[in-house]
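Report on the structure
Chain by chain, the residues:
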Amino acid sequence: MIHINIYYGGPLSNADAYEGLPFQGPGIQCYYMMIRRKLKTLNELKEKIMEELQLNPALHDIHITFRSPHEVLNQCINYRHMAIKEDKHVRIMFNKMQKWEQCAGFELYVTLEPRAEIVQTTTSLQFAALDDQCTTLGGYTPPFQETPTTIESEPGNRYEDQFCAHRGESSTFPVVGDEDEDYVDHAAIRDEDEDEDLDDRDEYEERIEQDDFDRGVDDHEITPNPHVHDMAECDEDDVDATIRVQHVTNTTPVYEPPASSFYANTWENMVDPEVVHQAFTSSWKEDMNFSTGLIFANKEAVKCALTIYAAKHNRNVVTSRSTKTRLSVKCMDESCKWYVGAVVKPELGLWKVTSYGGPHSCMTLGTALDGRMMDCNFLAAEFVPILQKNHMATIDHLRDFIKAKYYGHELSYYKIWDAKQKAIAKIFGNWEESYQRLRKLLLAYLDQQVGTRYWYHTEPRAEFGDSILRYVFWAFAPCIEGFRHCKPVISIDGTHLYGKYRGVLLIAMATDANNKVLPLAFAVVDKESGPSWGWFLECFRISMGDVIANKDICVISDRHKGIQNAIANWPRDDHGRIRVFHRYCLRHVASNFNKHFQDATLKSLALKARYATQEAKFELYMQPIKEAEIEALREKLRTERQESEPDSSIMPYTYLMNEDLNMWTQLHDGGYRYGAMTTNVSECFNGVLKGARGLPIAAMVEFTWSKLVAYFHDRHKAITHDLSKGKVWSKYALTIYEENLKKSITHQVNAFNNQNGIFQVITAYNIHSSGGGHHSQEVNLVAKTCRCGKWKNRKIPCSHAIKALQHLGQDATTYIDPCYSLENAIRTYSHAFLVPKSESLWRDVEGPKWVPDPDLLRAKGRPVKSRIRNEMDGVRREPGSRRPDSDLREIQQKQSCGLCHQHGHNRRRCPLSRGASTSSNDPN
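Residues numbered from 1 in each chain as written. Predicted model: local features only at pLDDT ≥ 70, side-chain atom pairs only at ≥ 80, totals over all residues. Heavy atoms only, no water.

**Here we look at the overall build of the protein chain**
Quick note on the threshold: Secondary structure counts use DSSP, requiring at least four H or I residues in a row for a helix and at least two E residues in a row for a strand, with both numbered from the N terminus. Any pair of residues with heavy atoms lying within 4.5 Å of one another is described as a contacting pair. Using a 1.4 Å probe, accessible areas were evaluated by the Shrake-Rupley method; residue-level cover was limited to the displayed protein chains.
Along the backbone of the protein chain there are 25 helices and 24 strands. Considering only intrachain contacts with a sequence separation of at least 6, the fraction spanning at least 24 residues in the protein chain is 67%. In the form shown here, the protein chain has an accessible surface area of approximately 47,700 Å², with 49% of it arising from carbon and sulfur atoms.

**What about the UniProt feature "domain: SWIM-type" (unreviewed entry) in the protein chain?**
Using the following cut-off: UniProt positions are given in the numbering used here, feature names are shortened, and annotations may be inferred rather than shown by experiment.
What UniProt calls "domain: SWIM-type" (unreviewed entry) maps, in this numbering, to residues 777-809. Its end C-alpha atoms 20 Å apart, residues 777-809 is made of 42% helix and 18% strand.

**Observations regarding the environment of H391**
When you line up the elements, H391 lands in the loop between α8 (376-389) and α9 (395-405). Spatially, the C-alpha atom of H391 lies 9.1 Å from that of G694, the residues being 303 residues apart in sequence. Among all residues touching H391, those that are not within four sequence positions of it are K420, F428, G691, A692, L695 and F703.

**Notes on the nonpolar core**
We apply this condition: In these notes, a set of buried Ala, Val, Leu, Ile, Met, Phe, Trp, Tyr and Cys residues joined through side-chain atoms within 4.5 Å is what counts as a nonpolar core. Using a 1.4 Å probe on the protein chains alone, a residue whose accessible area is under 20% of its type maximum counts as buried, one over 50% counts as exposed, and one in between counts as partly exposed.
Ranked by size, the top nonpolar core spans 121 residues in total, and within it F290 and F483 carry the most contacts. The leading source of residues in this core is helix α21 (residues 697-724), at 11 residues. Residues in contact with F483, not counting those within four places in the same chain, are P488, V489, I490, A510, L518, L520, M544, V547, I548, K551 and I553. I2, I84, V90 and M97 belong to the second largest nonpolar core, which has 30 residues in total.

**What about the sheet that holds strand β20 (residues 748-753)?**
Note the following rule: The pairing criterion is simple: DSSP has to find at least two bridges between the two strands.
Spatially, β20-β21-β22-β23 is the arrangement adopted by the four strands of the open sheet, whose pairing is antiparallel. Of all strands in the sheet, those with a lone pairing partner are β20 and β23 (785-786), marking the two edges. Direction of pairing for β20 relative to strand β21 (residues 758-762): antiparallel, over a ladder of five bridges. Directly across from N750, in β21, lies its bridge partner Q760.

**Examining the packing of aromatic side chains**
Our working rule: Ring pairs shown here join Phe, Tyr and Trp side chains whose ring centres sit within 6.5 Å, with only the six-membered ring taken for Trp; geometry is labelled stacked below 30 degrees between planes, edge-to-face above 60, and tilted in between. Criterion for a charge above a ring: Arg CZ or Lys NZ at most 6 Å from the ring centre, at most 35 degrees from the ring normal.
Applying the stated criterion across every chain, the model contains 31 aromatic pairs. Taking 5.7 Å as the distance between ring centres and 25 degrees as the angle between the ring planes, the aromatic pair formed by Y414 and W417 counts as stacked. A residue pair is termed a helical-turn pair when its members lie 3 or 4 positions apart in one helix, as Y414 and W417 do in helix α10 (residues 413-428) at three residues. Its relative accessible area of 27% is what places Y414 among the partly exposed residues. Owing to a relative accessible area of 6%, W417 belongs among the buried residues under this scheme. One cation-aromatic arrangement involves R610 over F593; the distance from NZ or CZ to the ring centre is 5.7 Å.

**Thoughts on the sheet that holds strand β11 (residues 339-345)**
Basically, it comes down to this: Fitting a line to C-alpha atoms yields each axis, with helices limited to the stretch in contact; the angle taken between N-to-C directions then spans 0 to 180 degrees.
Taken together, five strands build an open sheet; the order of strands is β8-β12-β11-β10-β9 and the sheet is antiparallel. Looking along the sheet, the strands with just one partner apiece sit at the ends: β8 (295-296) and β9 (317-322). Where β8 meets strand β12 (residues 350-357), two bridges bridge the pair, whose relative direction is antiparallel. Counted as the bridge partner of F296 is W351 from β12. Across the sheet, helix α7 (residues 299-313) touches β8, β9, β10 (326-331), β11 and β12, and the angle it forms with β10 is around 10 degrees.

**Some details on the environment of Y501**
The line we're drawing: Polar contact is the term for a pair of N or O atoms within 3.5 Å; when the atoms are in protein, one must be able to donate a hydrogen and the other to accept it, and sequence-neighboring residues count only if both atoms are side-chain atoms.
Counting through the fold element by element, Y501 comes out in the loop between β15 (489-496) and β16 (504-511). Side chain to side chain, Y501 and E432 meet in a polar contact 2.5 Å long.

**Here's the deal with unusual backbone geometry**
With omega at 0 degrees, the peptide bond leading from G358 into P359 counts as cis. Here P359 lies in the loop between β12 and α8. The backbone phi angle of Y407 is positive, close to 60 degrees, even though this residue is not glycine. The class of Y407 is partly exposed, set by a relative accessible area of 33%. The backbone of Q598 shows a phi angle near 50 degrees, a positive value even though the residue is not glycine. With respect to the helices and strands, Q598 occurs in the loop between α15 (586-597) and α16 (600-611).

**A few points about the pairing of strand β22 (residues 776-780)**
Inspection of the sheet shows β21 paired to β22 by five bridges, in the antiparallel sense. Note on β22: the bridge partner recorded for Q760 is E778. The pairing of β22 with β23 spans two bridges and is classified as antiparallel. Each bridged residue has a counterpart across the sheet, and for N780 the counterpart in β23 is T785. Here β22 hands over to β23 after four residues, with K784 in that stretch at a positive phi of 55 degrees.

**A word on a nonpolar patch on the surface**
Threshold: Here a patch means residues that are over 30% exposed by relative accessible area and free of salt bridges, tied together within 9 Å if like-charged and within 5 Å if nonpolar (Val, Leu, Ile, Met, Phe, Trp, Tyr). By convention in these notes, a salt bridge is any Lys or Arg side-chain nitrogen within 4 Å of a carboxyl oxygen on Asp or Glu.
Residues M1, Y32 and M34 make up a contiguous nonpolar surface patch of roughly 310 Å² in combined accessible area. Take M1: it is sitting in the segment before β1 (2-8). Looking at M1, the relative accessible area reads 53%, which means it is exposed.

**Some points on the environment of L369**
Assignment of secondary structure puts L369 in the loop between β12 and α8. Beyond its immediate stretch of four places on either side in the chain, L369 contacts N314, Y407, G408, H409 and E410.

**Remarks on helix α13 (residues 530-543)**
What sets the pattern is the α-helix's 3.6 residues per turn: residues three or four places apart point alike. To be explicit about the condition: Multiplying one less than the number of residues by 1.5 Å gives the expected span of a helix.
For α13, with 14 residues, the first-to-last C-alpha span of 20 Å sits near the 20 Å given by 1.5 Å per residue. Taken as a whole, α13 has its buried residues at S532, W533, W535, F536, L537, C539, F540 and S543.

**Topic: α15**
For α15, which comprises 12 residues, the first-to-last C-alpha distance of 16 Å matches the rise-based estimate of 16 Å (1.5 Å per residue) to within 8%. In terms of burial, α15 is largely enclosed, as 10 of its 12 residues are buried. When α15 is considered as a whole, its buried residues turn out to be L586, R587, H588, V589, A590, S591, N592, F593, N594 and F597. Among the residues trailing α15, Q598 stands out with phi positive, at a value near 50 degrees.

**Topic: the packing of α8 against α10**
The following threshold applies: If an angle is under 35 degrees, it is roughly parallel; if it is over 145, roughly antiparallel; if it lies from 65 to 115, roughly perpendicular; otherwise it is oblique. Helix crossings are classified by the rotation of the near helix relative to the far one: an anticlockwise turn of less than a right angle makes the crossing left-handed, while a clockwise turn makes it right-handed. Ten residue types, Ala, Val, Leu, Ile, Met, Phe, Trp, Tyr, Cys and Pro, are classed as nonpolar, four, Asp, Glu, Lys and Arg, as charged, and the remainder, Gly among them, as polar.
Contact geometry of α8 with α10 gives a least axis separation of 7 Å together with a crossing angle of 60 degrees. On the basis of their axis angle, the class for α8 and α10 is oblique. Note on packing geometry: the crossing formed by α8 with α10 is right-handed. Between α8 and α10, the residues in contact are C376, N377, L379, A380, A381, F383, V384, L387 and Q388 and K415, I416, D418, A419, K420, K422, A423, I424, K426 and I427, respectively. Classifying every residue of the contact of α8 with α10 by side-chain character gives 12 nonpolar, two polar and five charged.

**Re the pattern of salt bridges**
Throughout the structure, instances matching the rule amount to 23 salt bridges. The residue E107 makes a salt bridge to R67 at a minimum N-O spacing of 2.9 Å. Taken together, the residues E107 in strand β5 (residues 106-114) and R67 in strand β3 (residues 60-73) connect sequence positions 40 residues apart. Looking at R67, the relative accessible area reads 12%, which means it is buried. For R541, the salt bridge goes to E538, with nearest N and O atoms at 2.6 Å.

**What to know about the packing of helix α11 (residues 431-448) against α21**
Following both chains from N to C, one finds α11 and α21 inclined at 30 degrees, their axes separated by 7 Å at the closest point. Of the possible angle classes, the one that applies to α11 and α21 is roughly parallel. Along its contact with α11, which presents S434, Y435, R437, L438, L441, L442, Y445 and Q448, the element α21 presents I697, A698, A699, V701, E702 and W705. Considered class by class, the residues forming the contact of α11 with α21 number 10 nonpolar, two polar and two charged.

**So, the confidence of the model for the protein chain**
Put simply, the rule is: The predictor attaches a confidence to each residue, called pLDDT, with possible values from 0 through 100.
Predicted confidence across the protein chain gives a mean pLDDT of 77, with 73% of residues reaching 70 or more. When the criterion is pLDDT under 50, residues 270-278 qualifies, and its contacts beyond four places in sequence or with other chains add up to 22 contacts. Counting contacts from residues 915-924, a segment whose pLDDT is below 50, to residues more than four positions away or on other chains yields 29 contacts.

**Considerations on the state of the cysteines**
The following threshold applies: We call a pair of cysteine sulfur atoms a disulfide whenever their separation is within 2.5 Å.
In this structure the tally under the stated criterion is zero disulfides. C486 provides the cysteine sulfur closest to C479, a residue in no disulfide bond, and the two sulfurs are 9.6 Å apart. By relative accessible area, C479 is classed as buried at 0%. The closest cysteine sulfur to the non-disulfide-bonded C486 is located on C819, 9.0 Å from its own sulfur. A residue is classified by how much of its surface remains accessible, and C486, at 4% relative accessible area, is buried.

If you want it as structure tokens, here you go:
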């Protein structure tokens, strides 16, 4: 027999599902019932309960909450509340009670809900059964709260004469006839057995044999009653098929619930049944010692508990035996008799500690807190939650986490690094399998947006039947289309990967109307070389072919020979005109200059010469460099007193002039740079990608895609907001324009040729500037040029051009290049990314499997994550030294003011200065 206590009649005092307290509260009553067999469906359970409580299933429905035993701690059972909503919950309930034999019986809490609204009326509905055995109720009042109501019937059709009285009591209300407690609906059982699938079996159900509850049930106890129907399965839409409605006049049926709590909303008191489905971990806690009888979910849980125990007590343990069904661990000290033995229990599907010898009899003095008992698999499991939140977590952060959690153990850098790689593989996929997944991922991006481009270069290995991935290139369709509306300037650079396999990530970047970075294309290659750069630029040219067909593109990079050769071989247009113009990054040129001459003064002069936009200023800065070279050659002749070959290490002027001036000077650039003198935009994005450069290759591609999705969304939103305020130009362009507008206030204009739009603009005197002011500049409004060179280089009117346009009464902002307009900016980000398909819908790939190059596998040792600092960062390149040296920095040290002799500003910006320079040497 199965014993069930049913609680009803009031709200619960404490309905917290996780506390699982007994069903207590004001007005709650308890009803005891017994059943002879295990039920399988929710309808069966509801039918039994409603039959015992004498409730009408046609008018009401009930909600059931089960007080479920959850765990045993210190010989006490902890419970949780579980809502019974489906048939599988009923099976879980009975299986749990069979497993927990120490529980006396079931505890269920029931709330009542009406199926339809019943109002008092002068005409009642009398429900007549189709046969004598199944009868529904009209105006029914449960026995525990009766409300007598007089019913006047017509002669020969008395209501009480057609139905049986309630349990032998005198009543004017009909009730359902008593049913046998042993009734079983065989049709429902057959449907249950036919529909039950192995996939629907719960983890608890798998541990219990199907016939465990039926062993003590005789055949005569489940004989079906063919005259009784399952009233709980009656639907309102099927009323016409089971009952007929008769209108009985002069009757007033009234329903009153047994308690107001029956109508109360108790949904917030229900517990999600998914809590029951959570995997069992172990009965062992970190503050416990080992003992026999402890239960664990699997073998890994046992090993994890042993590792935590060993770390807490700083003990070194070894595994003496490890099989699929048995695990034995003992203390490393032979004199210590501590040991733990655990075996698998097939009937439970769990592991159990069956033997234990302890505590330790060895001493812990002298044992270092080095965490040697924690292997990489244990640490990887600890790092997974951290890296899921932030995959860029540093090794130092992870090491501090382990030290704080596990009793001060300090682990080696490489051990933490190796565990982090394993954790990343668990989150983002296996490093080797990621190469094969990359094929499906790129194909999915292509299917998602046809404009996406990707290429790859592989080398087949016939002996293994696979192919080594050498190069892979990808560019997303929205980025390709967005470049149509950007400045025709591209910055390319490479950055090293620091994951399990070495490699280099090549990037091509552009800038939008607001000078924000727009990544265009990516590639992963083995190293920076002539073939790899040539392959990357060829793929880039093909990808951008339609976009840059009618543009003159400027490519800014370092002085790598592979880049120079690839751009030199770039195809020309039909008329033989060069379409791509190569320019050097000035930071790399300055670094190379420092390597040769190691002179901070010469470097400062060279940088100013590179940024100069006027011929006179360029010659002004180059003259001291030329004089320094002449003096060095004279000094060499005096000391050696014999003729010899010229020494290039003392010839800085010759070194600079041997390079093409249009490659490294802004004066001779021709305006192709749009003011971009370095590859800083690429290196800035390298910092964004720093977290992705340690991921498996497929995850790294997904990272770039996700970042671009966020960029396009956020920037489109910000630009739309600016357009809604009536703005026309980007913030970057307006900032430069407003600075030039302030300078133009003191200028004077003389008209020279109104027909050709030529004007002379004279700047005011300024004794605080290097040139003293009072310069004459020629402005050509038709050609959109100025002798100062700034208008041509930036494509934004300089202060002289603004003054000439104001003289004509024209709006100078209309002369700003359209590439800086917000209209172009919004078009850049109008080609939105599409929501990707689920991975299960990706197309399968054909051909040999992709694998990484085994020669690129990173050797053991601490990997270098950051770029090696050089002269650009103010570090002197001497053997064995990386000490900072401010004299070598590209950004010069702060100079003192010539007026007040204070640091932080120069004489032009000094508060004591009465004027401002109108012809600045500022590179900007």
